[in-house]
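Structure assessment
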Amino acid sequence: MLPQLAHAATTPAQATQVFLLPHGTTALPAAAAGDLPAAARAYVEAALADHQKLVHLNHFSHQHYYVVLADKPTADQVLEALRRSGHQLHGLLKAEKVAEVFIQNLAGEPAGALALAEGLALTAYQFEGYKTDEKSRKAPVLTTITLVGDAATEAQVRELEHVLQGVALARDLVNAPVNKLNAEQFAERMAAAGDEAGYTTDILDLARIEALRMGGLLAVNLGSPEPPTFSIMEWKPANAQNAKPYVLVGKGVVFDTGGLSLKPTPNSMDMMKCDMAGGAAVAGTLYALAKNQVPLHVIGLVPATDNRPGGLAFVPGDVITMHSGLTVEVKNTDAEGRLLLADALSFAKKYDPELVIDLATLTGAAVRAIGTEGSAVLGTAGAPTVQQLHAAGHRTHERLVEFPLWDEYADHMKSDIADLSNLGKGEAGHISAAKFLERFAEGYPWLHLDIAGPAFLTAPDNYRGKGGTGVGVRLLYEFLTKQLAD
């Protein structure tokens, strides 16, 4: 649940307003001072002279807020500071029970108001949840964020709103527990989002998955009482600029117990409803692209199942034959995500893609390497593509750290009895997992994003919130739209 974004030519009288001011402002410009009483103006200017970055002026019937641009080394860092100011602003608006706020950009930073609104809206996101008491089910007070005049164009406001709706979709999917979102329900939710946004969805059921011999997905599903799904989402507008599609692949493990290699519960299995965050990000990205009518052909692939130790669950020592025909020795059933992704990556070859990007909450090693502050990126795509993805990461503050895929890491995944093992050494686990995937990502440029750190947060963190963050949606949207011809 997000507040609505809107655009208006002017601000109504006695409306709650936010004025975005240049760095170093000590005297209010006329457009921000308006008809302020002298004492009120002096109060604000004294706060600005004291280098306060967010000043609140309470008129009782309405509020005025003054946000000063931060002095940062790069434009991307300035925008991130504004998103964080949006987070701070939300706390003040919530305390004053403000329903609608109008933002004016007097700072000279063209994207400033959009960034502030982005941080404000993402902070205001609220998962509807399952509480039954009236207070908990009450809708948030803040309903509308309006950008005024040349703070942004109406088209820019609509574009941002649709991107944020894609983030909210991903967050909603990640936050839902498995008894509300099994593999079939996950596929249906993604398809319903496509019906709303305009992309098409083909959901492969168990019989079709078996016919495709997706041994990885089928093996992980063996312990589940519920069937797997394989969702193929496609956004292909008539005016698509790319001859070959971009393919996004998302891990869709709706709950991961670890299988027979059972996870410990505290701080591990207890939050494994988030193990489909990669799939959720793919759906959120397709949603944003379709809602904004972006002229690109993009396909999303999401293999989905839960990983349980019941029934005929696969066991350490099993050898499975993958969709590609390669054989894999299972040494740990908790290294299951790479098995689903491997089938999807080999399936992606049929599209002769321009580029394949997969997203997965794949390894604890990635979290230990870079924490929740970023995602690991590895792959075979050329340096210019990686640089463009890095640039998108800085622009959206969904930053990436690149790790190598040196040939020697293939030794980590050797098996005595099969083509590959699904488990590497104790060191460099996020790299050896990607090296495993590389064997299935043949015939096209490929990048792997291990989003295990930032996908789900156990404590509130600024505008990313608590729980599912929707990481990947803003990053991929920024990256893909930059592939458009000028």
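Residues numbered from 1 in each chain as written. Predicted model: local features only at pLDDT ≥ 70, side-chain atom pairs only at ≥ 80, totals over all residues. Heavy atoms only, no water.

Let us now look at the packing of aromatic side chains. Enumeration according to the criterion identifies six aromatic pairs in this entry. Note on Phe436 and Phe440: the rings are 5.2 Å apart at their centroids and 45° apart in plane angle, and the pair reads as tilted. Like Phe436, the residue Phe440 is buried in the burial classification. One aromatic cluster in this structure is built from Phe230, Phe347 and Tyr351. The side chain of Arg171 reaches across the aromatic face of Tyr125, ending 5.1 Å from its centre. (Phe/Tyr/Trp six-rings, centres within 6.5 Å; stacked < 30°, edge-to-face > 60°. Buried < 20%, exposed > 50% of the residue type's maximum accessible area, 1.4 Å probe, protein only. Lys NZ or Arg CZ within 6 Å of the ring centre and 35° of its normal.)

On to a negative patch on the surface, then. Residues Glu184, Glu188, Asp205 and Glu210 make up a contiguous surface patch of negative charge. Its relative accessible area of 36% is what places Glu184 among the partly exposed residues. (Patch = residues over 30% accessible without salt bridge, like charges linked within 9 Å, V, L, I, M, F, W, Y side chains within 5 Å. Areas by Shrake-Rupley, 256 points an atom, 1.4 Å probe, with all protein chains shown as cover. Salt bridge = Lys/Arg side-chain N within 4 Å of Asp/Glu carboxyl O. Lys, Arg positive; Asp, Glu negative; His and termini not counted. Charge placed at Lys NZ, Arg CZ, Asp CG, Glu CD.)

Before going further, it helps to spend a moment on the UniProt feature "binding site: Mn(2+) 2" (unreviewed entry) in the chain. Within this structure's numbering, the places UniProt gives as "binding site: Mn(2+) 2" (unreviewed entry) are Lys251, Asp256, Asp275 and Glu336. Maximum C-alpha separation among the annotated residues is 11.5 Å over a sequence range of 86 residues, consistent with a single clustered spot. Mapped onto the secondary structure, Asp256 falls in strand 10 (residues 252-256). In this structure, Asp256 is in contact with Lys263, Met269, Met272, Asp275, Asn307, Asp334 and Glu336, ignoring residues within four places of it in sequence. In terms of polar contacts, Asp256 uses its side chain to reach the backbone amide nitrogen of Gly258, at 2.8 Å. (UniProt positions renumbered as here; feature names shortened; annotations may be inferred. Helix = DSSP H or I, 4+ residues; strand = E, 2+ residues; numbered from the N terminus. Contact = heavy atoms within 4.5 Å. Polar contact = N/O pair within 3.5 Å; in protein donor to acceptor, adjacent residues only side chain to side chain.)

Before going further, it helps to spend a moment on the nonpolar core. In this structure, Ile145, Leu147, Leu173, Phe186, Tyr199 and Leu449 are the most contacted members of the largest nonpolar core, which totals 95 residues. Per element, the largest residue contribution to this core is 10 residues, and it comes from helix 10 (residues 277-291). Here this core spans two domains, since at least three of its residues come from each of domain 1 (4-152) and domain 2 (161-482). Apart from residues no more than four positions distant in its own chain, Leu449 is found in contact with Ile357, Asp358, Leu359, Ala360, Ala376, Val377, Leu389, Leu400 and Leu475. Val253, Ile320, Leu326 and Ala376 belong to the second-largest nonpolar core, a separate cluster that totals 50 residues. (Core = buried A, V, L, I, M, F, W, Y, C linked by side-chain atoms within 4.5 Å. Domains from an automatic or database assignment.)

If you trace the six strands from one edge of the open sheet to the other, you get 1-6-5-2-4-3, paired in mixed fashion. Two strands lie at the open edges of the sheet, namely strand 1 (4-8) and strand 3 (54-58), each paired on one side alone. The sheet shows a mean angle of 20° between the axes of neighbouring strands, direction not considered. Sheet topology note: the strand 5 (residues 100-105)/strand 6 (residues 144-148) ladder contains four bridges and is parallel. When the bridges of strand 6 are listed, Val101 appears paired with Ile145. Its contacts with the sheet place helix 3 (residues 75-95) against strand 2 (17-21), strand 3, strand 4 (63-68) and strand 5, and it is angled at close to 160° to strand 4. (Pairing = 2+ DSSP bridges. Axes fitted to C-alpha atoms, helices over the stretch in contact; angles between N-to-C directions.)

What follows deals with the pairing of strand 4. In terms of burial, strand 4 is a largely internal element, six of the six residues being buried. Looking at chain direction, strand 2 and strand 4 are connected through five bridges and run parallel. Looking at the pairing, Gln17 lines up with His64 of strand 4. Summarising the sheet, strand 3 and strand 4 pair through five bridges and their orientation is antiparallel. Across the sheet, residue Leu54 finds its bridge partner in strand 4, namely Val67. Counting the residues between successive antiparallel strands, the hairpin from strand 3 to strand 4 contains four residues, one of them, Phe60, with a positive phi of roughly 70°.

The geometry of helix 13 (residues 383-396) relative to helix 15 (residues 473-481) is characterised by a closest axis approach of 8 Å and an angle of 130° between their N-to-C directions. The orientation of helix 13 relative to helix 15 falls into the category oblique. Viewed along their axes, helix 13 and helix 15 form a crossing whose handedness is right-handed. Across the interface between the two elements, Thr385, Gln388, Leu389, Ala392, Gly393, Arg395 and Thr396 of helix 13 pack against Arg474, Leu475, Glu478 and Phe479 of helix 15. Of the residues in the contact of helix 13 with helix 15, the class split is four nonpolar, four polar and three charged. (Parallel < 35°, antiparallel > 145°, perpendicular 65-115°, else oblique. Left-handed = near helix turned anticlockwise from the far one by under 90°. Nonpolar A, V, L, I, M, F, W, Y, C, P; charged D, E, K, R; others polar.)

A common way to report how large an interface is uses the accessible area buried once the components associate. Splitting the chain by domain gives domain 1 (4-152) and domain 2 (161-482). Computed from C-alpha coordinates alone, the two centres of domain 1 and domain 2 are separated by 36 Å. Listed by partner, the interface residues are 17 residues for domain 1 and 17 residues for domain 2. Roughly 1700 Å² of surface becomes buried between domain 1 and domain 2 when both sides are summed, with 58% attributable to carbon and sulfur atoms. Along the contact surface separating domain 1 from domain 2 lie two salt bridges. Notably, a salt bridge pairs Glu118 with Arg474, separated by 2.7 Å at the nearest N-O pair. Between domain 1 and domain 2 we count eight residue pairs in polar contact (both at pLDDT 80 or more) in total. (Buried area = accessible area lost by both parts, 1.4 Å probe.)

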